[in-house]
Amino acid sequence: MLSFAIAAALAAQGAELPPQLPQVEVIGQHIESSGEEAVTGDDLRAPAAGDLAELLRDVNGVSAGRMGGHGLEPVIRGQSQGQLNVRTDGGLVVGACPNRMDPPTAFTVAAAVDRVTVVKGVQSLAHGTGGTGGTILVERELPWSATAGLSGRAGAGAGDNGLDWRADSQLLWRGERAALRLDASAAEYGDYVDGDGEAVRSGFRRRSLHAMAGQDFGDAGVLEFGVERAETLDARFAGAGMDAPLDRMTGARVAWRRELAGGEFALRAWRNEVDHVMDNFSLRPQPAMAMRTPAESDTQGGDVRFDTTADAWSLTAGLDLSANRRQATRFAGPNPAMLTMVNAFLWPDARLDQAGLYGEGSRPLGEGTLTAGLRVDRFRAEARRAGVRPSAMAMAPSALYAMYYGSTDARWDDTGVSGLLRFEQPLAGGVTAFAGLSRTVRAADATERYLAAPAAMPSGRWIGNPGLALEKHSQLDLGLAWEGERATASAVAFADRVGDYVLRDRARGQDGVLLADGASVYRNVDATLHGLEIEARWQWTESLSLEAEAAWVRGQNRSDDRPLAQMPPLNGALALAWDTRTGEWTARLRGAARQDRVDDSVLTGSGLDARRTPGFGVLDLGWSKAFGAHRLRLDLKNVFDRTYAEHLNRANLDPFNPDPVQVNEPGRGVFLAWEWTPAG
């Protein structure tokens, strides 16, 4: 296995490694910017997490919807999917599953990255279009700041409830003007059991490999290349009517930066290709009708950026481009050997293009800091196979659009303008006050605009709306952050008034919907979201610290006067950390209140909420200790073996059973991890 081969190479070189500069890691909330939180170091190598979204649930204000053990859907401040901007090394990864078995975070192996920054709400316009709910920045770097020579690490882990085993390794090298990086990982997860001892379909296998190389050309700048391959096999999903035998992402990027005209000029280009297969027979008992959907999503783009200063201003200007193509075809037949009928073009060669131009700057204003930005985006979308019938017995996607919305036009374009104004002001006693006002836009994704999933029963149909308007978010953030000698605290309140919110609903003859047959449709409505996030940390003694956090959000469909679906309830955590001679001990009590504000009726609403969800409280314990270059970590999750489920569930692209399914979380589990970081 490649990860162990790298570990062996490190062992052979261990005695000759040059001394390294000490690495300083900052974990937790950054007081100067209370809307951001960085996850680094050991927190990225939690042994039990099935993917990045599961790991990020420990960040206050972040939740995730579960469909299995892999592919959790992150939610920030009640917004998800296309409302979040997920960027890996600056590029976009767009999943290839119409049912979102592979959201962008599913392709990231957290142990193989340096930093994941969660930006809540709108803090900057430079991260790309959208991001109305927040942005997740995944970052990997070459060892330019390290001492010349070879370094790296290796790790492995195993568990008794879900995780069977995992192994990962990293090799870093820096020469006088060149640098290399190689990350490799592999893991196997089995089906876990919940607190009642019931098996939950959730197992999968994962392999990934990432390589970077860079060359410093002095005054001509620095050139970097990166390639990666991430593959998930045999992923089983308890919350869906299909499983995913294959999910593969192949990516490449190139970046160049140099000093120019008193500032820094950066240029980057990237391409990511995702291949996905889902079916209802290879990993579960064969049903009466076999179905298989191969799909692909290819995304490419680039950006140019210039950072400089002028008088008191720190300025950033840039241009970014992206183009995504998605195609998904559903085959059906009486058995897996006779999948000859093309049942549907779920994505009929959907093309979504975007180009954005932005400028942003900050400057001191009195004792505070003022930030202002403006962004203009041009959007274009079309479905090139919308007029093609999948088979003689099936309707073309454009016919489905006409049947539900009255239009066969599969082309759309628009221009959106976004703006940001933010002010931070230090007050007396270590208190900083801040206020942010933003107006941002988001274009509907390929599923919302072009999905064409027919079914014999109208309730099983799922039809996108090519005429959806841009979502327009007007947001206000207000907050206070305090830093004392031994404690920190922050509180943030936010409100978001949304025009033309893209709502997945049931067809009941609403304005713009022609039929009333209960099919899943999309339409624009007016909505509001508002909430509160509170965090505090107290360093009780040099070895004992206490953290507390809570988050609450409420969403309302103002057009129909009903709750927005899939809103996380009030949730929070209380954590204790104790550093002793015997190791670092942690205890974390996490929980959520009951969620009664739901949209669970297909007769009067969307039916996207599975139910009213009871509250829960779960205790996790942890221990870790360093033994020279080695570190052991032991985690005990769900100590009291509680049976519970997060309120967030996933929609179900199953023509025979389209109702959403809420999946129970894992019961008690023990996980052991080992890491080796050799030093010279």
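A quick note: this is a predicted structure, and the numbers were derived from the prediction, not measured.

Asks: When you look at the environment of Ala 577 in this model, what are you seeing that I'm missing?
Replies: Note that Ala 577 resides in strand β32 (residues 571-580). In the structure, Ala 577 is positioned 306 residues away from Arg 271 in sequence and 42 Å away in space, judged by C-alpha atoms. Ignoring sequence-local partners within four residues, the contact set of Ala 577 consists of Ser 543, Leu 544, Ser 545, Trp 585 and Thr 586.

Asks: Even after reading the chapter, I still don't get the sheet that holds strand β4 (residues 73-76), so can you show me in this structure?
Replies: Reading across from one edge, β3-β4-β5 is the order of the 3 strands in this open sheet, with antiparallel pairing throughout. A single partner strand is all that each edge strand has here, and the edge strands are β3 (62-65) and β5 (79-80). Pairing analysis gives 2 bridges linking β4 to β5, with the strands arranged antiparallel. Residue pairing in the sheet places Val 75 in a bridge with Ser 80 of β5.

Asks: Hey, could you run me through the packing of aromatic side chains in this one?
Replies: Per the stated rule, a full pass over the model turns up 6 aromatic pairs. Ring plane angle 55 degrees and centroid distance 6.3 Å describe the contact between Trp 585 and Trp 623, whose orientation is recorded as tilted. Of this pair, Trp 585 sits in strand β33 (residues 583-592) while Trp 623 sits in strand β34 (residues 616-627), and the two are 38 residues apart along the sequence. Residue class for Trp 585 comes out partly exposed when judged on its relative accessible area of 39%.

Asks: Quick question: what am I supposed to make of the layout of surface pockets here?
Replies: Gaps left between atoms show up when a probe the size of a water molecule is rolled over them. Roughly 1400 Å³ of internal volume is contained in the second largest pocket. Around the second largest pocket, the lining comprises 49 residues; the ones closest to its centre are His 127, Leu 137, Glu 139, Arg 268 and Arg 305. The class makeup of the residues in the lining of the second largest pocket is 14 nonpolar, 16 polar and 19 charged.

Asks: Got a minute to help me understand the pattern of salt bridges in this structure?
Replies: Side-chain pairs of opposite charge can arise whenever the charged atoms involved come near each other. A full pass over the atoms with the stated rule returns 61 salt bridges. Here Arg 115 and Glu 141 are joined by a salt bridge, their closest N and O atoms 3.6 Å apart. Highlighted residues: Arg 115 in strand β8 (residues 115-120) and Glu 141 in the loop between β9 (134-139) and β10 (149-159), separated in sequence by 26 residues. When its relative accessible area of 43% is taken as the criterion, Glu 141 is described as partly exposed. Here Glu 228 makes a salt bridge to Arg 140, at a shortest N to O gap of 2.8 Å. Of this pair, Glu 228 sits in strand β16 (residues 222-235) while Arg 140 is found in the loop between β9 and β10, placing the two residues 88 residues apart along the sequence. By relative accessible area, Glu 228 is classed as buried at 16%. Among the charged side chains, a salt-bridge network with shared partners connects Asp 89, Arg 140, Glu 224, Glu 228, Arg 253 and Arg 257.

Asks: Would you mind going over a nonpolar patch on the surface with me for this structure?
Replies: Where nonpolar side chains cluster on the molecular surface, the patch consists of Trp 538, Trp 540, Leu 546, Leu 574, Leu 576 and Leu 589 and spans about 550 Å² of accessible area. Along the chain, Leu 589 turns up in strand β33. Leu 589 sits in the partly exposed class, given a relative accessible area of 45%.

Asks: Before we go on, may I ask you to explain helix α3 (residues 397-405) in this structure?
Replies: One turn of an α-helix holds 3.6 residues; hence residues three or four places apart share an orientation. For α3, the full list of buried residues reads Pro 397, Ser 398, Leu 400, Tyr 401, Tyr 404 and Tyr 405. Here the buried residues of α3 occupy an arc of 155 degrees about the axis, which is enough to place them on one side. Buried residues in α3 make contact with β21 (341-365), α4 (446-450), β25 (452-453), β26 (462-463) and β29 (520-539). Trailing α3 by a residue or two, Gly 406 shows a phi angle of about 80 degrees, which is positive.

Asks: What is the right way to read the confidence of the model for the protein from this model?
Replies: As a general rule, the predicted coordinates of low-pLDDT regions are not to be interpreted in detail. Summarising the model, the protein shows a mean pLDDT of 92, and 94% of its residues fall at 70 or more. Scored below 50 in pLDDT, residues 1-32 makes 61 contacts in the model with residues more than four places away or belonging to other chains.

Asks: Honestly, the nonpolar core in this entry has me stumped. Any pointers?
Replies: Most often, soluble globular proteins have nonpolar side chains that are buried together. The biggest cluster of nonpolar side chains holds 39 residues, and the ones touching the most others in it are Tyr 404 and Tyr 450. Contributions of two or more residues to this core are made by β21, β22 (368-383), α3, α4, β25, β26 and β29. Among the elements that line this core, the one with the most residues is β21, at 5 residues.

Asks: So what exactly am I meant to see when it comes to the pairing of strand β27 (residues 471-483) here?
Replies: The two faces of the sheet receive side chains in turn, since in a regular strand these alternate between them. In this sheet, β27 lies alongside strand β24 (residues 431-442) in antiparallel orientation, the contact comprising 12 bridges. In the strand pairing of β27, Arg 442 is matched with Glu 471. Relative to strand β28 (residues 487-506), β27 runs antiparallel, the two sharing 12 bridges. Its bridge partner lying in β28, Ser 474 is registered against Arg 497. Linking β27 to β28, which pair antiparallel, is a turn of 3 residues.

Asks: Just to check I follow, could you spell out empty space enclosed by the protein for this structure?
Replies: Applying the stated criterion across every chain, the model contains 14 cavities of 30 Å³ or more. The space that makes up the largest cavity amounts to roughly 740 Å³. Contributing to the lining of the largest cavity are 41 residues, with Gly 82, Leu 92, Val 94, Arg 326 and Asp 445 lying nearest its centre. Those elements giving two or more residues to the lining of the largest cavity turn out to be β4, β6 (84-88), β20 (313-333), β21, β22, β24 and α4. Across the lining of the largest cavity, the residue classes tally to 19 nonpolar, 12 polar and 10 charged. When its volume is computed, the second largest cavity comes out at roughly 610 Å³. Those elements that place two or more of their residues in the lining of the second largest cavity are β4, β5, α4 and β28. The biggest single contributor to the lining of the second largest cavity is β28, with 4 residues. Grouping the constituent residues of the lining of the second largest cavity by class yields 13 nonpolar, 11 polar and 7 charged.

Asks: Looking at this structure, how should I read unusual backbone geometry?
Replies: A negative phi holds for most residues other than glycine; trans holds for most peptide bonds. One non-glycine residue, Arg 77, lies in positive phi territory at about 55 degrees. Exposure remark for Arg 77: the relative accessible area of 5% places this residue in the buried category. Phi is positive for Asp 89, close to 50 degrees, though the residue is something other than glycine. Mapped onto the elements, Asp 89 comes out in the loop between β6 and β7 (91-92). Residue classification places Asp 89 among the buried positions, given a relative accessible area of 9%.

So, how was this worked out
- Residue numbers run consecutively from 1 along every chain, following the written order of its sequence.
- Owing to the predicted nature of the model, reporting of local features is limited to residues with pLDDT of at least 70; listing and counting of side-chain atom pairs is limited to 80 or more, with chain, interface and lining totals taken over all residues.
- The basis for the side-chain values is all heavy atoms of the structure; hydrogens and waters are excluded.
- Put simply, DSSP marks the helices as runs of H or I at least four residues long and the strands as runs of E at least two long, and each gets a number from the N terminus on.
- Pairs of residues are marked as contacts when any of their non-hydrogen atoms sit within 4.5 Å.
- Note: two strands are recorded as paired if DSSP finds a minimum of 2 bridges between them.
- Only Phe, Tyr and Trp rings are paired, with Trp represented by its six-membered ring, and only when their centres lie within 6.5 Å; those with planes under 30 degrees apart are stacked, over 60 edge-to-face, the remainder tilted.
- Only protein chains enter the accessibility calculation, which uses a 1.4 Å probe; a residue is then buried when its area is under 20% of its type maximum, exposed when over 50%, and partly exposed in between.
- The definitions used throughout rest on a 1 Å grid laid over the protein atoms alone, on which a cavity is an enclosed set of points accommodating a 1.4 Å probe that cannot get out and a pocket is an open set flanked by protein within 12 Å on both sides along at least five of seven lines; lining residues are those having an atom within 4 Å of a point.
- Grid points are joined across faces, edges and corners, and a volume is the space filled by probe spheres set on the points.
- Throughout this entry, Asp, Glu, Lys and Arg are counted as charged residues, while Ala, Val, Leu, Ile, Met, Phe, Trp, Tyr, Cys and Pro are counted as nonpolar. The remaining residues, Gly among them, count as polar.
- Salt bridge, as applied in this entry: a Lys or Arg side-chain nitrogen positioned within 4 Å of an Asp or Glu carboxyl oxygen.
- Each patch is built from salt-bridge-free residues with over 30% relative accessible area, joining like charges within 9 Å and nonpolar side chains (Val, Leu, Ile, Met, Phe, Trp, Tyr) within 5 Å.
- Areas reported here follow the Shrake-Rupley algorithm with a probe of radius 1.4 Å; residue values treat only the protein chains shown as occluding.
- Picture the helix axis, draw a direction to every C-beta atom, and the arc is the one those directions span.
- pLDDT gives the predictor's per-residue confidence on a scale running from 0 to 100.
- In plain words, nonpolar cores are sets of buried Ala, Val, Leu, Ile, Met, Phe, Trp, Tyr and Cys residues tied together by side-chain atoms within 4.5 Å.

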